[in-house]
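# Examining the three-dimensional arrangement
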Amino acid sequence: MNAPASPRPAARIGLALGGGGPLGGIYEIGALRALDESLDGLDFNNLDVYVGVNAGSFVAANLANQLTTAQLCRIFVRNEADVHPFRPEVFYRPALKEIASRAMAIPGLVTTAMGRFARNPNDQSLLEALAVLAQAAPAGLFDNEGLHEYLLRAFSMLGRTNDFRQLKRSLYIVAADVESTEAVRFGAPGHDHVPISRAIQASTASPGLYVPVQIDGRYYVDGTLRKGLHASVAFEDGADLVLAVNPQVPIDASKAVRAGTMAPGELTRSGMPNLLSQMFRTMVYSRMTSGIAQYATDYPDKELILFEPSRDDTKLFFSNVFSFQSRRMICEYAYQMTRRDLLKRADTLEPALAKYGITLRRDRLADTERTISTTLYGEMLPLYAARNLKKKQAGKGRLINRLRRAEHA
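Described in the following lines is the structure provided in the data block. Nothing here was measured: the structure is a model prediction, and the numbers come from that model.

Our next topic: the overall build of the protein. The helix and strand tally for the protein stands at 18 helices and twelve strands. When each of the 409 residues of the protein is scored for burial, the buried share is 45%. Considering only intrachain contacts with a sequence separation of at least 6, the fraction spanning at least 24 residues in the protein is 77%. Within the structure as shown, the protein displays about 20,400 Å² of accessible surface, and the carbon and sulfur contribution to it stands at 55%.

Here's what the structure looks like:
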């Protein structure tokens, strides 16, 4: 047997998290919880660089702000936060100001259309002239200002920060500039003055769904328009190893039908939102796989380890983020799928991770009874027992003191 590889000196480790909307974020939390308890020698609150886009920006920023994977599960999946409890509806507030301003523009647009038609009726029909009314369509149906407000409060709590420059480790949140189409790395020099909460709001603003977010006179939307993962940002920051989680994969309907997780034709019959989601996921996933293939050429001395859902399982695709039960199911599903993936790839991953001083816990991965609940609460039992013992000892001490005082009275 070969001796285990010695850890690289001062190796830098990064985390790159992809998009996928609110459910994608829940998937990432479950996957990260599995990685956290299965990889010894790795502290997910003390990595060298964090990169997030869309929902991944939300999760990455919380990790960089010292929320543990267990806390993320309790707050965002189980709603157990006493302060600032998380509600998914903060993602879906109607963009009333945007809709109202567009509606107010309709009379002027109609006047413009009628004037153009009257001046030159042979150039275009009245219906064609009225096409200008498309400008009255809102830039987005929802306003995710509520997400910014929630994070502003959460990151203002003791021990957390809403300022990139005050974090102990590098955090990059990627969004796309609407007008230049360029990817912008909030957290990088020149963009690190932007509040973290505002950067996350911009990175999660999916076009058509959310109104673009204005920052310093520019408008920004979801950074997955450029790339699905942006792991290259971590490599360029000096990371030698990047762990990546990508929850946004298109469904392979044929494989799903054969696996029994989808009925024939179900995706097509499920309506326009799901069809658009499938098209968007396909576009993003295609670019991401091409980008990852290019990493071997661009970063030959660096390593990427990717975790993502199976393409034949519809749990993530058809779940409802508003359902408490669905969120728990998706988180547990991601947790178990990542554990199975780690065990399946163990022979390959162990030597790769050993170079960075990381040990894969096969004993935990082989435990078929292990769930998120057993790790969140089962491992806390010794702590509760210690607290109870301390209380009993304190009570016993008070009783002895009272008896002594009575003797001297």
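Taken as a whole, this structure holds eight aromatic pairs when the rule is applied. Between the aromatic rings of F235 and Y295, the centroid separation amounts to 5.6 Å while the plane-to-plane angle is 85 degrees, which identifies the pairing as edge-to-face. Pair noted here: F235 is in helix 9 (residues 231–236) and Y295 is in helix 12 (residues 272–298), with a separation of 60 residues, a long-range link. For the residue pair F235 and Y295, the accessibility class agrees, reading buried in each case. Taken together, the aromatic side chains of F58, F76 and Y150 make up a single cluster linked through ring pairs.

Here helix 5 (residues 106–119) contains 14 residues, and its C-alpha end-to-end distance of 20 Å stays within 8% of the 20 Å for a straight helix at 1.5 Å per residue. For helix 5, the full list of buried residues reads L109, A113 and G115. An end-on view of helix 5 places all buried positions within 160 degrees of arc, on one side of the element. Exposed residues on helix 5 whose side chains face more than 90 degrees from its buried face are P107, T111, A118 and R119. Elements that come into contact with the buried residues of helix 5 comprise helix 6 (126–129).

Attention now goes to the nonpolar core. Core analysis: the largest hydrophobic core is formed by 75 residues, its most contacted members being L171 and F186. At eight residues, helix 1 (residues 21–38) tops the list of elements feeding residues into this core. Discounting chain neighbours no more than four positions away, the residues touching F186 are F164, L171, Y172, I173, A175, H191, V194, A199, A202, I215 and Y220. Counting residues in hydrophobic clusters, the runner-up holds 20 residues, among them V51, L229, V249 and M288.

Moving on, we come to the pattern of salt bridges. Charged atoms that come close allow side chains of opposite charge to pair. Under the definition given, this model contains 18 salt bridges. Two residues, R33 and D36, come together in a salt bridge whose shortest N-O distance is 3.9 Å. Here D36 and R33 lie together in helix 1, a separation of three residues that amounts to about one turn. The exposure class of D36 is partly exposed, given its relative accessible area of 22%. With a closest N to O distance of 2.6 Å, D347 and R362 form a salt bridge. Of the two residues, D347 sits in helix 15 (residues 346–354) while R362 sits in helix 16 (residues 362–365), which places them 15 residues apart along the sequence. Judged by its relative accessible area of 62%, D347 falls in the exposed class. Each member of the salt-bridge network shares a partner with another, and the members are R12, D48, R169 and D237.

The subject of this paragraph is unusual backbone geometry. Even without glycine at this site, N54 takes up a positive phi of about 55 degrees. Tracing the chain through its elements places N54 in the loop between strand 3 (49–53) and helix 2 (55–64). Taking relative accessible area as the criterion, N54 reaches 4% and is therefore assigned buried. Positive phi, close to 65 degrees, is recorded for T181, a residue that is not glycine. By the element assignment, T181 lies in the loop between strand 5 (170–177) and strand 6 (183–186). We classify T181 as partly exposed; its relative accessible area is 44%.

What follows is about helix 1. A rise of 1.5 Å per residue sets the reference length of helix 1, with its 18 residues, at 26 Å; its end C-alpha atoms lie 26 Å apart and thus fit the reference within 8%. Counting buried residues in helix 1 gives 16 out of 18 residues, a clear majority hidden from the surface.

Interhelical geometry of helix 1 versus helix 2 gives an angle of 40 degrees and a closest axis separation of 8 Å. In terms of orientation, helix 1 lies oblique with respect to helix 2. The handedness of the crossing between helix 1 and helix 2 is right-handed. Here G21, G24, G25, E28, I29 and L32 of helix 1 lie close against helix 2, whose contacting residues are A55, G56, V59 and L63. Among the residues forming the contact of helix 1 with helix 2, the class breakdown is five nonpolar, four polar and one charged.

What counts and what doesn't
Residues numbered from 1 in each chain as written. Predicted model: local features only at pLDDT ≥ 70, side-chain atom pairs only at ≥ 80, totals over all residues. Heavy atoms only, no water. Helix = DSSP H or I, 4+ residues; strand = E, 2+ residues; numbered from the N terminus. Buried < 20%, exposed > 50% of the residue type's maximum accessible area, 1.4 Å probe, protein only. Contact = heavy atoms within 4.5 Å. Areas by Shrake-Rupley, 256 points an atom, 1.4 Å probe, with all protein chains shown as cover. Phe/Tyr/Trp six-rings, centres within 6.5 Å; stacked < 30°, edge-to-face > 60°. Expected span 1.5 Å × (residues − 1). Arc of directions from axis to C-beta. Core = buried A, V, L, I, M, F, W, Y, C linked by side-chain atoms within 4.5 Å. Salt bridge = Lys/Arg side-chain N within 4 Å of Asp/Glu carboxyl O. Axes fitted to C-alpha atoms, helices over the stretch in contact; angles between N-to-C directions. Parallel < 35°, antiparallel > 145°, perpendicular 65-115°, else oblique. Left-handed = near helix turned anticlockwise from the far one by under 90°. Nonpolar A, V, L, I, M, F, W, Y, C, P; charged D, E, K, R; others polar.

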